[in-house]
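Descriptive analysis of the structure
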Amino acid sequence: MDATALFEQRDRRPEALGSLSVLPDETICALLEHLDPRDIARLACVSSVMYILCNEKPLWMSLCLRRAKGPFEYRGSWKNTTLHLEGVTQENAYRKPLQFDGFNSLYLYKRFYRCNTSLDGFAFDDGNVERRGEISLDEFTKEYDAKKPVLLSGLADSWPASKAWTIDQLSEKYGERSPNKISMKLKDYISYMKLQRDEDPLYVFDDRFGEAAPELLKDYSVPYLFQEDWFEILDKENRPPYRWLIVGPERSGASWHVDPALTSAWNTLLCGRKRWALYPPGKVPLGVTVHVNEDDGDVSIDTPSSLQWWLDYYPLLADEDKPIECTLLPGETIYVPSGWWHCILNLEPTVAVTQNFVNKENFGFVCLDMAPGHQHKGVCRAGLLALDDGEEETHDEDGNTLSYSDLTRKEKRVRMNGEGETDANGGSKRYNMWKNGFSYDVDFLSRFLDKERDHYNFPWSMGNSVGQREIRGWLSKLWVLKPEMRKLIWKGACIALNAEKWLLCLEEVCSFHNLPLLTEDEKLPVGTGSNPVYLFSDYAVKLFVEGGLEQSMYGLGTELEFYDILGRADSPLKSHIPHVLASGILYFEKGSYKVVPWDGKRIPDIFTTSNLDFDASMLNSEFPFGIWNKTLLQHRNQPAPNSFGSLSSHVWPYIITQRCKGKIFAQLRDDLTLSDAQNLATFLGQQLRNLHLLPYPPVTRPELLNGNGVHEEFKIPPEWKVFVDALCQKKKDVTSRLENWGNPIPRALMNKIDEYIPDEFFVDLLHVFKDTDVGKEMKPCTWIHSDVMDDNIHMEPYADDDGQHNSWRPSHILDFSDLSIGDPIYDLIPIYLDVFRGDPDLFKKLLESYGLPLIRSKSSAENGTADSTRKKVSSPSYRTMCYCILHEENVLGAMFSIWDELRTAESWEQVELTVWSLLNSY
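Residues numbered from 1 in each chain as written. Predicted model: local features only at pLDDT ≥ 70, side-chain atom pairs only at ≥ 80, totals over all residues. Heavy atoms only, no water.

The name that an unreviewed UniProt entry assigns to the protein chain is F-box protein, with the source organism given as Brassica carinata. On record in UniProt, under Subcellular location (unreviewed entry), the comment for the protein chain is "Nucleus". In its Sequence similarities (unreviewed entry) section, UniProt records this for the protein chain: "Belongs to the JARID1 histone demethylase family." (UniProt positions renumbered as here; feature names shortened; annotations may be inferred.)

A few words on the pairing of strand S16 (residues 533–536). Every regular strand shows the same layout, with side chains that alternate between the two sheet faces. Alternating residues of S16 divide into Tyr-534 and Phe-536, all buried, and Val-533 and Leu-535, none buried. Here S16 runs beside strand S17 (residues 539–543); their pairing, made up of four bridges, is antiparallel. Looking across to S17, one finds that Phe-536 is bridged to Tyr-539. The antiparallel hairpin formed by S16 and S17 contains two residues in its connecting segment, where Ser-537 sits at a positive phi of about 50°. (Buried < 20%, exposed > 50% of the residue type's maximum accessible area, 1.4 Å probe, protein only. Helix = DSSP H or I, 4+ residues; strand = E, 2+ residues; numbered from the N terminus. Pairing = 2+ DSSP bridges.)

Relative to the elements of secondary structure, Ser-877 occurs in helix H39 (residues 876–886). The class of Ser-877 is buried, set by a relative accessible area of 0%. Here Glu-912 takes part through its side chain, which lies 2.7 Å from a polar atom of the side chain of Ser-877. Excluding residues that lie within four positions of it along the chain, Ser-877 makes contacts with Glu-912, Trp-916, Ser-917, Leu-919 and Asn-920. (Polar contact = N/O pair within 3.5 Å; in protein donor to acceptor, adjacent residues only side chain to side chain. Contact = heavy atoms within 4.5 Å.)

Now for the sheet that holds S17. Strand order in the open sheet formed by five strands is S16-S17-S20-S18-S19, with antiparallel pairing between adjacent strands. Because the sheet does not close on itself, it has two edges, and the strands there are S16 and strand S19 (592–597). Across the sheet, the mean angle separating the axes of adjacent strands is 25° when strand polarity is ignored. Sheet topology note: the strand S18 (residues 580–589)/S19 ladder contains six bridges and is antiparallel. Note that in S19 the partner of Ile-585 across the bridge is Val-596. Across the sheet, helix H24 (residues 549–568) touches S17, S18 and strand S20 (651–658), and the angle it forms with S20 is around 30°. (Axes fitted to C-alpha atoms, helices over the stretch in contact; angles between N-to-C directions.)

This part takes up the layout of surface pockets. Taken as a whole, the second largest pocket holds about 1,600 Å³ of empty space. Tyr-51, Asn-55, Glu-56, Lys-79 and Pro-97 are, among the 46 residues lining the second largest pocket, the residues nearest its centre. Residue assignment for the lining of the second largest pocket shows that the elements contributing at least two residues are helix H4 (37–43), helix H5 (48–54), helix H6 (57–67), helix H7 (78–85), helix H8 (90–93) and helix H9 (106–116). Here the lining of the second largest pocket gets six residues from one element, more than from any other, and that element is H9. (1 Å grid on protein atoms, 1.4 Å probe; cavity = no way out; pocket = protein on both sides within 12 Å on 5 of 7 lines; lining within 4 Å. Points joined across faces, edges and corners; volume = space filled by probe spheres on them.)

Further remarks concern the state of the cysteines. According to the stated counting rule, one finds zero disulfides in the structure shown. No disulfide involves Cys-45; its sulfur sits 8.8 Å from the nearest other cysteine sulfur, which is in Cys-54. When its relative accessible area of 66% is taken as the criterion, Cys-45 is described as exposed. (Disulfide = S-S within 2.5 Å.)

Another point: the side chain of Asp-791. Within the element layout of this structure, Asp-791 appears in the loop between strand S22 (782–784) and strand S23 (793–799). A distance of 2.9 Å separates a polar atom in the side chain of Asp-791 from a polar atom in the side chain of Arg-469. Filtering out sequence-adjacent residues up to four positions away, Asp-791 remains in contact with Arg-469, Thr-528, Gly-529, Ile-664, Ala-666 and Leu-814.

Pasting the structure below:
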C-alpha cells in the first residue's frame, strides 16, 4: 500500500461508535470496566472499534481482579484467565484476534508503549541522593533523621535474606502461600511475573508476611539506625501495618505518595534494581493532585502510575524541577524521612523489605497528622498551595503576589495540558513556590490547625492509619512508659488531643470540688475512651465532649437518670458500677471559668438564659435530658432549629466517680488465665441480666410514635415501636455508611443488603410479639449499655490462699453515657466481637449465666398462622446479623477481621451462621 492510499483510509471510529464517538477513548474504556465479562463479549460484536476497545488487556485485568473470589492461576493473559474463571471452555473462547485498519488512538498507543518499552535506560547509578557507608546513630540523627533521604550500604550484609530471598527461592519455600491482597498463590504470582506484559503489573505489598511465615523474620533484623519505634507499644491488633515484603516484576512500582501518618521508613533491596525519585515535603510532583476532605480530613491522591509518570511527565521537567533520584541496588538501604514524596519503579524483578516507624524525631509530625481538621494536612503535603483564598499571600520570584486561585489555575493547566513550562512562562516558578515561606516544621505547620475543631467531637478519617481510640491509648501509654520524653509527648498530645485545654478544664473542676491537685503522672487523659477521662488519687473525672454540647448533655442526663432508677431498685448491679460523687456543668464566661452542680433533674440556668427554646414536654420532664428526650434527638432527620451551637465551644458537662482499683480489661487481655477469662464471661452474663431486668421509664414523647395508634391497635409495646423505627431510619443510609468504612466487606455482600434486609423486615419485627412466647421474665425492651467493650470493664487483682497476687477478676462496668432502650441482643454484639474476639466458648459461658429468654418463634404446632418471614425475624441469629449491618459503629469490620473466611463470603446468610449461629441453640 503506497503512502497516498494510507492517508486516504477512512476513519472507522465515528461510524463504528455512533453517538459514543463524542467520548474520548479513555472515558469509554473507563465505562467498560463497569460491565461484566459476558456483556463485554457481546459488546465486542457490535462494531470493529468496540471490538478493539473490548479486547484491551487492562480492561480484562480489571474484570478478572474484581471477580476473583479466591486464589487463581494466571493463564497467559487476563482475558484467558477471566474466561476460565467464568467457566468458558477453551474451544469456544480462544481464537485468533481480528485486525482492523482505519483506527488510531493516542490513548491506546501510550498504553501499548508502556507495556512494551525497555527500561534499560532508566538506571542512574550515580544519582543525587547522598550515599553513606558506615555511620553512627548520633551522626545519622544529626544529619538525616526526619531531615533528608540517604542511601546506606552495608546494613544488610549479615542478613540471611540477602542470599535466601531470591524470587526462585521464595517460590520454592513459600509458593503455596497467598500474599496478602493478592488473589494468587506466590508460585502462581511469580509465574505471572515472568509471563505478563502489563503496563501497571500486580505488585506484592504483603504486610502480613511476618505472621503467615514467622521464619522470614529471622532472615533480617531492623538496622541499628531505625530500631526506635514508638508504635511498638501498641497491641498487635491495634498497631497499624508497618512492615512489608515487596515483590514485583519489571515496570511495576509504587506511584507518588507520602507515607501514612507522616511516618519515616527504610527500604532494603535484596534482589533486582529499583529507581527512586523523591521530593521534599510540600513539593507536589507534576501530574499529582492532593485532595483533602473538609469534613474529616481524609487525604486522597490522584497520581499516574510510576512508569507513566517517568514516561509522560518526567521529560517535561526543567532540570531544577527534577526530583532527587537514585537507583537502589541489592544490599542497599534507602531512608525516607517523614513527609517526603517518593515514587518507585522496578527496573527488573525485585524483592525488598521495608518498615515504617515513629521515633522522637518524627513524633510531632505523626501527632499533627492525627489532629482534627483538614487544612494542616493539605499544607503538610502540598505546601502553601493547599491554603484557601485569602489565608496566605505567596510571591513569585519577581515579587508579584500570587493568590491561591492563580496557583490553582496554574497547577491545573500543567496537569491538563501536560506541557512543560520554562522559566519564561512560569513552569519552574511554580516548583519554587513551595519554598516561599513554607517550612516542614511542627511549629510552622501547627499554625494551620483548625482551633475550632477538637479530637473528641470531630469526624475521624478512615484513612488515618491509627484509630481514634488507639491514638488516645497510644499517647496514654507513651506518657507512662517514656517519662524522660514527656515534654515532647505533651506537645504531641496538645496537637492531637488538645490536651492543654482539657487539663485546664479539669483543674477548674477540681478546684470547685476541693479535689487534690494532679501529679505530673496524671495530667494526660487515660485510656481509649471517647471523652477526656482523668484518674488521680481516689477519683475519676470525665468531661463530656464527644459529639458536641447537645450530645454531651443528653449523654450525662441519661446516665444520671439511669443512676437515679438504679438507686431506687434492689439490684446487684449497684455493687458493680462506680459510685457517683458529683456532677455538674463547667463553662467559660467573661474571661473566667465557672462551675455549677447538676444532678440531671432540671435544665441548667446557663441554657435557659441563653435564648434556647425548650418545649413544654422537656421543661416538665423530671430528667429533661433523659432517655426519651435523647431518643427523640436521635430520631430527628435534621438537627433541631435551636441547637446549642453558640454554647458548644465553652460549656462542658462532667461527672466525678469513685476511682476503681486495678486495671481495665484492655490492659490485661493477654495476661489473663483461661480461668480468669471464664470468670469474666460469667460476670458479664450476670451483670447483663441485672441490667436488662431493671425498670425503665415509659415513653414520654408521643412524637416518637409518629402520632398514630398502630402500636395500641396491635398491642405492640410503644418502646418496641420506637426501637424498630430507629432501625428503619438507619437502613436509609446503610450502604453509604458501610462504603465509608471501606474494606473488608466484599462488594457482592454490599449489593445484597436490600435482599437480606427487605422493607418487610421492619414490619415483621414490629409485629414479632404476636408470634412469640413472652414469659414473665421476658421484657419487650431493656436498657442497653451499647458499649460493653474492653475499655469499659474494670478488673481487680486478688490473691490466692497463700496471699500472693496471681489473678484478676472483674469488678465494675464503666461508662453508661451511651444508654438506649431496645432489644437486649444488642448488648451481645460488642461483647462477643470486642471483648471475646469471637471466642465461642466464652460466648457460651456468658449465655449460660445470662439466663434470660431471647425473642424466638413459637413452634409451628402452636403457631400455624405465622409465616416463614415472621419466623425468620424471630430467629436470634438473623435478627442479630441485621442489627450488625445497621449498627452505627463498624462492627462488620470487626467480624471480617476475626473470621478471615468471611472475606470470600457470597451471602449474608453465610456470615450470619458463621458468627451468630450459637444464639439459635441458646
